[in-house]
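Tertiary structure, described
The lines below spell out each chain.
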Amino acid sequence: MAARRPLAKGATPDVDSPKSTPPISAVPAPNPPETVSTTRKQPPVEKPSDIRRRTWVILSFWLIVVCLGLPIWWETTTIYRANLPLTEMLEWSDGKACRPVFPLRISIQANALHEQEAQNLLRLTQHALDDLNDFSGHHLRLQLSPPTVEHAPREDGGTALTIRLIPGEATTSTLDPYAPILDITYPPNSIPSPTSSSSSLATYVASQLRSTFAEEQAIISYLLSSDSVPSDHRPQGLTPEAAESLSKRTTRSLKYAPTYHLTFSLFTSGPLPSSWDIEAAIDEYMKPVLDVLSPIHNFTIDTQVQLYATPGVQNQVLTKEDLSSFINAAEWPLSPSIGGAPTINFIVFVGNQTILTAPMENTETETYHTSQSWLIPQWGTVYLLPLPADTTQVSAETLKQPLLTFTSHLLSLTGTPQSGSLPLRLSTLARIRSADLLLRASSTLGSLARLALALPSISIPERVADGVSKTMTHLRQACDNLGGADGLAHARVAEAEAERAFFEKSMVGQLYFPDEHKIAVYIPLLGPIGIPLLMGLLNEVKAWRKRKRERAEKEAKKKE
Amino acid sequence: MKLSSVLRLPALLAAALVAPALVDAEHTSNWAVLVCTSRFWFNYRHLANVLSIYRTVKRLGIPDSQIILMLPDDMACNPRNAFPGTVYSNADRAVDLYGDNIEVDYRGYEVTVENFIRLLTDRVPEEMPRSKRLLTDDRSNILVYMTGHGGNEFLKFQDAEEIGAFDLADAFEQMWEKKRYHEILFMIDTCQANTMYTKLYSPNIIATGSSKLDQSSYSHHADNDIGVAVIDRYTYYNLEFLETEVRDTNSKKTIGDLFDSYTYEKIHSHAGTRYDLFRGGAEAARSRLVTDFFGNVQNVEVDATRNATFEEEMLSLSRTIAALRQKADEEESAKKNVTSDAGHAPTTQKKIEFAKPLTDENWWTKKMYSAAALAGCAFLWGMGSYLEAPR
């Protein structure tokens, strides 16, 4: 606006002037041009007011271009990149920001022992445990629980396991199947005296604890080692067999999702059976396990029956190779894509095929065995159900065995460890999953940071920065509560936020523009505009310098 | 229990042995991204190329949910098609590629560079259905097959825009960063196709293309009744190999065998391959099975004979635990109800809510902007009339 005003003011009085005044006479030409010598008729000499006006015009154009055009161009062509805390993000992904430590508190209940004896035993056991432990990420911390508590299975997040010491005949140990309790009986003479520095009972308790948590420890250390965590955190010893079984476990289990969709399908090659009591069967044989898993996962369920379904392999005897192509992926409708949750498929195929497994797999028995089901990693289970030809309805009792198989496969597909009592397996699963989510969220942060560095032309909206900061607060909280109850919840939120930040839909890194493209875009635009502007300015500067020179000459003449 | 006993073994020496075991993980799912990028009837062969690859991967066991098929035009329903509802890739017209069981994920004008990059990087809007997304993870092998009209380091989409080799490379890099693939086989059939994969820089990609720089890629033959060429040479000979050598998922033919089958005599252009990105180099890349990318072969686990009692025990166990938990929850909620009834009964208030803008982010800033814009316009108008006024 400021640029236009002087122009308008300066111009308006001149608008009428050319008409009213005769051109040449009005101009007080300082030194009249010597046009006498040339034959061509020269244009009339410009009035100073015209010259002034032209200067204003050119100046105002330049002012508009510089003050308005350039900022607008700059504003509209720069890529908005929110500030990301890149170093912190990389620290998370390198495992420097968080030491994944699982301090598991284990309380000892020794109602029959004196306070003093119990303390001593605890100290010795802790020593023995620390000697056995070679992986710093996974601590077992012992504590003495007040003897008043009778036996309520307290699941207040704090303690992972309770050891009940009961006097008895010999040293034995049993895991309570209903609650995270390890019962250990001991003969009365095995209580260590206050002065002794070692005790067989303490060593026994320590080794029992260690074997109880061995799988969890192995899985977590495997998780950490396969991710980018500094090597001093890594577990020292893992036998190849253990590593293999662990990698098998990771191959088998699905990526964590808060909700899984379970699809139960009945496939039959003929017209029968055409219905099944799946609802009752699920309620009866699967629901309890789903309920138990509910703090960690939600499940949605759908079922379907497909008649005249031909399997991908028609052989009567199925070898292991056949099994992988048994699913007729082209024709069986197996991906309902209902909702946003990943699907786990459980298929009952009505047929009496036999599965022939290679004899090397189970050397102790004969080559055939009565296997009827197989598990497809990260996908689901197929169960072959032989039925009489005239069955029209599959009863819930018939479905018992398939569903029990599905249930145990579901546990392994969700990544539940194999050993230990069920409550322990579940709490271990929660801990494994929180570590898993923590690592995944951290690595997503790292990917995002590296991406932001590697692709300077990608835009980063404010939402991404928000997501990153949310992720980091939740990661911090998850990291502080890793062994506890909130750890999983925080890790879950952190992972979801990290995914959302990474997959921000406006962050499509289109497109790579080579410099030739930029020139091709700007030349047609800048050519017609830029050249008159530049030439105008040059002419004006030239004229100004000329006038200045002339004025100087005139001054010099006057002085003479 | 077996595991724990194994772990108790003295295992200090084994650490060195673990490393290779960790690296060499198997894939658990196979995905295929099949992209045709050209419209119009005379590009019939490009759609036929893609559809024949689609049939092949489907035959080898990749389900529709894991195939992303992009078709920019509908040849089957084109009015110039003498065989309505069908697409053939061979003049013998033995196999109708369109068939009655086909799932096209991106169709017509949905096939754009942006959508393709969104698909690869999974930066899709939330309302996008799962079937149109590439939901891969670090255990997924992906076959990316593209065909259309290309040039030096670009591939034309729909005669309107193009994807550059750099964009493609960046998209793959983003996938790698986010662990969205295990291994990729990138296959492209365009003119100067080999230039398209020269810019890739992410690991674990095997790339192959139909023709090198400044070389055209040719069609194989035309069908006189359809009136246009029906398939490209490079795709034709790929299919020939896949159909004669890889009859089912148990085939042990390797990627090396497939690549060795390309000759200049057959394809009339120099098909190229790129192994250097692959972990283990050419040797490892060539030893991958064809079905690792074109099929869906998983290492299944057959159940050993088991005793049902174990499972039943688990079932009854979880039943008790669930019951216990429910009881605890009920007790807790009962307790809560008592306290909340006592404490919060009178505090309920009625509050009339004002109409709120749907998104309240920057609401005031936006208002300010529009107010400023309005004021500016008014000022301009006023200035104009002031200056225009005769004096």
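Residues numbered from 1 in each chain as written. Chains lettered and ligands numbered in written order. Predicted model: local features only at pLDDT ≥ 70, side-chain atom pairs only at ≥ 80, totals over all residues. Heavy atoms only, no water.

The next subject is the overall build of chain A. Helix and strand counts for chain A stand at 16 helices and 14 strands. Within the span of chain A, comprising 560 residues, buried residues form 46% of the whole. Within chain A, contacts between residues separated by at least 24 positions form 76% of all contacts whose residues are at least 6 apart in sequence. For chain A, the computed accessible surface area is about 28600 Å², with 57% contributed by carbon and sulfur atoms. (Helix = DSSP H or I, 4+ residues; strand = E, 2+ residues; numbered from the N terminus. Buried < 20%, exposed > 50% of the residue type's maximum accessible area, 1.4 Å probe, protein only. Contact = heavy atoms within 4.5 Å. Areas by Shrake-Rupley, 256 points an atom, 1.4 Å probe, with all protein chains shown as cover.)

As a further point, take the overall build of chain B. Within chain B, the secondary structure is distributed over twelve helices and 13 strands. For chain B, the residues scored as buried account for 51% of the 391 residues in total. Here the contacts in chain B between residues at least 6 apart in sequence split such that 73% fall between residues at least 24 apart. As presented, chain B carries roughly 19500 Å² of accessible surface, and 56% of it is formed by carbon and sulfur atoms.

Across the sheet, six strands lie side by side as S8(A)-S6(A)-S10(A)-S13(A)-S12(A)-S13(B); this open sheet has mixed pairing. Each end of this open sheet is capped by a strand with a single partner; those strands are strand S8 (298-306) of chain A together with strand S13 (301-302) of chain B. As paired elements, strand S6 (residues 259-268) of chain A and S8(A) share nine bridges and run parallel to each other. Considered in S8(A), the bridge of His261(A) is made with Thr300(A). (Pairing = 2+ DSSP bridges.)

Here the bond from Leu272(A) into Pro273(A) is cis, since omega is -10 degrees, no more than 30 degrees from zero. Position of Pro273(A) among the secondary structure elements: in the loop between S6 and strand S7 (275-276). With a phi close to 60 degrees, Asp122(B) is a non-glycine residue in the positive phi region. In this fold, Asp122(B) is placed in the loop between helix H4 (113-121) and strand S4 (140-147).

What follows covers the nonpolar core. Among the nonpolar cores identified, the biggest contains 87 residues, and Phe264(A), Met286(A), Phe346(A), Leu403(A), Leu410(A) and Val468(A) are the most heavily contacted of them. Composition of this core by domain shows at least three residues from each of domain 2 (102-226) and domain 3 (254-413) of chain A. Among all residues touching Val468(A), those that are not within four sequence positions of it are Leu84(A), Pro85(A), Met89(A), Leu445(A), Leu448(A) and Ala501(A). Leu47(B), Tyr88(B), Leu258(B) and Phe278(B) belong to the second-largest nonpolar core, a separate cluster that totals 52 residues. (Core = buried A, V, L, I, M, F, W, Y, C linked by side-chain atoms within 4.5 Å. Domains from an automatic or database assignment.)

A few words now on the UniProt feature "transmembrane region" (unreviewed entry) in chain A. Residue and element names in this part refer to chain A. The positions UniProt marks with the feature "transmembrane region" (unreviewed entry) are residues 56-74 and 519-539. In the segment residues 56-74, helix accounts for 100% and strand for 0%; the C-alpha atoms at its two ends are 26 Å apart. For residues 519-539, the helix share is 100%, the strand share is 0%, and the end-to-end C-alpha distance is 27 Å. (UniProt positions renumbered as here; feature names shortened; annotations may be inferred.)

For interface size, the figure often reported is the accessible area lost on association. Segmenting chain A into domains produces domain 1 (48-78), domain 2 (102-226) and domain 3 (254-413). Once you take the C-alpha centre of each, domain 1 of chain A and domain 3 of chain A turn out to be 75 Å apart.

Let us look at the packing of aromatic side chains. Residue and element names in this part refer to chain A. Counted according to the given criterion, the structure contains 23 aromatic pairs over all chains. On the numbers, 6.5 Å between centres and 85 degrees between planes, the contact of Tyr-383 with Phe-406 is edge-to-face. A residue pair is termed long-range when its members are at least 10 positions apart, and Tyr-383 in strand S13 (residues 380-385) and Phe-406 in helix H12 (residues 400-413) qualify at 23 residues. Residue classification places Phe-406 among the buried residues on the basis of a relative accessible area of 2%. (Phe/Tyr/Trp six-rings, centres within 6.5 Å; stacked < 30°, edge-to-face > 60°.)

Moving on, we come to the UniProt feature "active site" (unreviewed entry) in chain B. All names here are of chain B. Sequence positions flagged by UniProt for "active site" (unreviewed entry) are, in local numbering, His-149 and Cys-191. Across 43 residues of sequence, these annotated residues stay compact in space, with a maximum C-alpha separation of 6.3 Å. For His-149, the location among the structural elements is in the loop between S4 and strand S5 (150-151). Once you skip the residues sitting within four places of it in the chain, His-149 turns out to touch Thr-37, Ser-38, Asn-43, Arg-45, His-46, Leu-155, Lys-156 and Thr-190. Within polar-contact distance, the side chain of His-149 engages the side chain of Asn-43 at 2.7 Å. Within the secondary structure, Cys-191 is located in the loop between strand S8 (183-189) and strand S9 (205-209). On the basis of relative accessibility, which here comes to 22%, the residue Cys-191 falls in the partly exposed class. Not counting the four nearest positions on each side in its chain, Cys-191 is found in contact with Gly-150, Gly-151, Ser-211, Gln-215, Ser-216 and Ser-217. (Polar contact = N/O pair within 3.5 Å; in protein donor to acceptor, adjacent residues only side chain to side chain.)

Let us now look at the sheet that holds strand S5 (residues 181-186) of chain A. Residue and element names in this part refer to chain A. Pairing is mixed across the open sheet formed by five strands, whose spatial order is S2-S1-S3-S5-S4. Of all strands in the sheet, those bounded by a partner on one side alone are strand S2 (138-144) and strand S4 (172-175). Averaged over all pairs of adjacent strands, the angle between their axes in this sheet comes to 25 degrees, without regard to strand direction. Here strand S1 (residues 102-109) pairs with S2 via seven bridges, running parallel. Opposite Leu-104, over in S2, you have Leu-140 as the bridge partner. On top of the sheet, helix H6 (residues 115-132) reaches S1, S2 and strand S3 (159-167); it is set at about 175 degrees to S2, its chief contact. (Axes fitted to C-alpha atoms, helices over the stretch in contact; angles between N-to-C directions.)

The next subject is a negative patch on the surface. Together, Glu279(A), Asp283(A), Glu284(A) and Glu397(A) make up a region of like negative charge exposed at the surface. Positionally, Asp283(A) belongs in helix H9 (residues 278-285). (Patch = residues over 30% accessible without salt bridge, like charges linked within 9 Å, V, L, I, M, F, W, Y side chains within 5 Å. Salt bridge = Lys/Arg side-chain N within 4 Å of Asp/Glu carboxyl O. Lys, Arg positive; Asp, Glu negative; His and termini not counted. Charge placed at Lys NZ, Arg CZ, Asp CG, Glu CD.)

The next subject is helix H14 (residues 462-480) of chain A. Residue and element names in this part refer to chain A. For H14, with 19 residues, the first-to-last C-alpha span of 27 Å sits near the 27 Å given by 1.5 Å per residue. Residues of H14 that are buried: Val-464, Ala-465, Gly-467, Val-468, Thr-471, Met-472, His-474, Leu-475, Ala-478 and Cys-479. Buried residues along H14 sit in contact with helix H5 (86-94), helix H13 (422-454) and helix H15 (486-502). (Expected span 1.5 Å × (residues − 1).)

Residues and elements named next belong to chain A. At a minimum axis separation of 11 Å, helix H4 (residues 48-77) and helix H16 (residues 515-559) run at an interaxial angle of 145 degrees. In the crossing of H4 with H16, the sense of the turn from one axis to the other is left-handed. From H4, Ile-51, Arg-54, Thr-55, Ile-58, Phe-61, Trp-62, Val-65, Trp-73 and Thr-77 reach across to H16, where they touch Tyr-522, Leu-533, Leu-534, Gly-536, Leu-537, Glu-540 and Arg-547. Looking at side-chain class alone, the contact of H4 with H16 contains ten nonpolar, three polar and three charged residues. (Left-handed = near helix turned anticlockwise from the far one by under 90°. Nonpolar A, V, L, I, M, F, W, Y, C, P; charged D, E, K, R; others polar.)

What follows is about the confidence of the model for chain A. All names here are of chain A. When pLDDT is averaged along chain A, the result is 77; 81% of the residues meet or exceed 70. Every residue in residues 149-157 scores below 50 in pLDDT, and together they form eight contacts with partners more than four places removed in sequence or on other chains. With pLDDT under 50 throughout, residues 228-236 is counted as low confidence; its partners more than four residues away or in other chains account for 22 contacts. (pLDDT = per-residue confidence, 0-100.)

Taking 1.5 Å per residue, 16 residues should reach 22 Å; helix H3 (residues 44-59) of chain B reaches 22 Å between its end C-alpha atoms and fits that length. Among the 16 residues in H3(B), 14 count as buried, and that is most of the element.

Turning our attention to the pairing of strand S10 (residues 343-350) of chain A. All names here are of chain A. In terms of burial, S10 is a largely internal element, eight of the eight residues being buried. Of the pairings in the sheet, the one linking S10 to S13 comprises six bridges and is parallel in character. Residue pairing across strands places Phe-349 opposite Leu-384, the latter belonging to S13.

A separate point is the pattern of salt bridges. All chains considered together, the criterion is met by 28 salt bridges over all chains. A cluster of three or more residues bridged by salt bridges with shared partners is formed by Arg433(A), Asp436(A), Arg440(A) and Glu495(A).

All names here are of chain B. One can find Phe-259 in helix H7 (residues 255-260). The class for Phe-259 is buried, based on a relative accessible area of 6%. Taking the C-alpha atoms as reference points, Phe-259 and Gly-272, 13 residues apart in sequence, are found 8.7 Å from one another. For Phe-259, the contacting residues outside a window of four places in its chain are Leu-185, Ile-206, Thr-208, Thr-273 and Tyr-275.

We now examine the state of the cysteines. Applying the stated criterion across every chain, the model contains zero disulfides over all chains. Looking at the unpaired Cys36(B), the closest cysteine sulfur is the one in Cys191(B), lying at 14 Å. Considering cysteine sulfurs only, Cys67(A) is the nearest to Cys377(B), which forms no disulfide, with 20 Å between them. (Disulfide = S-S within 2.5 Å.)

The next thing to look at is the confidence of the model for chain B. Residue and element names in this part refer to chain B. Predicted confidence across chain B gives a mean pLDDT of 81, with 84% of residues reaching 70 or more. Low pLDDT (under 50) marks residues 1-23, which in the prediction has 32 contacts with non-local residues, meaning those over four places away or in another chain. pLDDT under 50 marks residues 341-349. Its contacts with residues more than four places away, or in other chains, come to one contact.

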